[in-house]
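Overview (structure and organization)
Read off the chains here:
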Amino acid sequence: PDRSAHELAVGGQGIDDGPGGDVFEGLAILNALRQHPARKTVTVDGMAASAASFIAMAGDVVRMSPQSMMMVHDANAAAQGDARDMRALADLLDKTSDNIAAVYAQRTGKSVEDWRKVMLEETWFTDQEVVDAGLADEIIPAKKVKNVTNKIVNEGGTQDGVTELGDGWVRD
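Below is a summary of the structure that appears in this document. Small disclaimer: the values here were computed from a predicted structure and weren't measured. (Residues numbered from 1 in each chain as written. Predicted model: local features only at pLDDT ≥ 70, side-chain atom pairs only at ≥ 80, totals over all residues. Heavy atoms only, no water.)

Quick look at the sheet that holds strand β6 (residues 123-126)
Worth spelling out the cut-off: Note on pairing: two strands pair once DSSP finds at least 2 bridges between them. A run of H or I in DSSP becomes a helix once it reaches four residues, and a run of E becomes a strand once it reaches two; helices and strands are each numbered from the N terminus. Note on method: axes are straight lines fitted to C-alpha atoms, helices fitted across the in-contact stretch only, with angles between N-to-C directions ranging 0 to 180 degrees.
With respect to topology, three strands assemble into an open sheet ordered β3-β5-β6, the strand pairing being mixed. Where the open sheet ends on each side, the last strands, each with one partner, are β3 (47-49) and β6. Pairs of neighbouring strands in the sheet enclose a mean axial angle of 10 degrees, with direction left out of account.

Notes on the packing of helix α2 (residues 23-35) against helix α4 (residues 83-108)
Heads up, the rule is: An angle below 35 degrees is treated as roughly parallel, one above 145 as roughly antiparallel, one from 65 to 115 as roughly perpendicular, and anything else as oblique. Left-handed describes a crossing whose near helix is turned anticlockwise from the far helix by less than a right angle; the clockwise case is right-handed. Whether two residues are in contact is decided by their heavy atoms: any pair within 4.5 Å suffices. Only Asp, Glu, Lys and Arg are considered charged, only Ala, Val, Leu, Ile, Met, Phe, Trp, Tyr, Cys and Pro nonpolar, and every remaining residue, Gly among them, polar.
The geometry of α2 relative to α4 is characterised by a closest axis approach of 11 Å and an angle of 30 degrees between their N-to-C directions. Comparing the axis directions of α2 and α4 gives the class roughly parallel. With respect to the hand of their crossing, α2 and α4 are arranged in left-handed fashion. Contacts from Val23, Phe24, Leu30 and Arg34 of α2 reach α4 at Thr96, Ile100, Val103 and Gln106. Across the contact of α2 with α4, the residue classes tally to five nonpolar, two polar and one charged.

Some thoughts on the side chain of serine 50
Here serine 50 shows up in the loop between β3 and α3 (51-55). Apart from residues no more than four positions distant in its own chain, serine 50 is found in contact with Pro19, Gly20, Gly21, Met71, His73 and Tyr104.

Notes on the nonpolar core
In plain terms, the rule: We define a nonpolar core as any set of buried Ala, Val, Leu, Ile, Met, Phe, Trp, Tyr and Cys residues linked to one another through side-chain atoms lying within 4.5 Å. Residue burial is assigned from relative accessible area. The probe radius is 1.4 Å, only protein chains are included, and a residue is buried under 20% of its type maximum, exposed over 50%, and partly exposed in between.
Ranked by internal contacts, the top residues of the largest apolar core, which has 31 residues, are Phe54, Met70, Tyr104, Trp115 and Leu135. Of all the secondary structure elements, the ones that give two or more residues to this core are α2, β2 (41-44), α3, β4 (61-64), β5 (69-72), α4, α5 (112-120) and α6 (127-133). Setting aside anything within four residues of it in sequence, one finds phenylalanine 54 in contact with Val23, Gly26, Leu27, Leu30, Ile100, Val103 and Tyr104.

A few points about the side chain of serine 68
The condition is simple: In protein, a polar contact means a hydrogen-donor-capable atom and an acceptor-capable atom, both N or O and within 3.5 Å, with residues adjacent in sequence counting only if both atoms are side-chain atoms; elsewhere, any N or O pair within 3.5 Å suffices.
Tracing the backbone through its elements, the reader meets serine 68 in the loop between β4 and β5. A relative accessible area of 0% places serine 68 in the buried class. A polar atom in the side chain of serine 68 sits 3.4 Å from the backbone oxygen of valine 44. Apart from the residues within four sequence positions on either side, serine 68 is in contact with Val44, Asp45, Gly46, Phe125, Thr126 and Asp127.

Here it is as structure tokens:
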């Protein structure tokens, strides 16, 4: 479910799981979260790509769920116009990408130039690679689940060797 930056900041915990979006909206969310006094924990459950990756940097603690991923890339846009318009857009994209790289640099201590090189490659990081790069603090330990089927069978009613699970049925 979508939650506003205010709700995430007030609750102190948020899940960042998305493909990204408009860079300026992403920066506004990042800054709204940064400015809130609550201690913020961001958890990436599936992926934090594009703008979602730099929004995650608002967390005082950034956690990756097992097998989650993060993707960083240079800003991009589509344009219409003459050569002057195209040159102006290219300059704006470079400035915007430098801005995004500065977010990663602030978190990791690496340079903006280093992050621009990584972003130019459109880099996908695994959970461990995100931690190694300094963009996240930890990978949430996976919980081992035992006897899930037995628990479900014991809690649900059975009918002719089939157990009811919500809207569906599973064979015992």
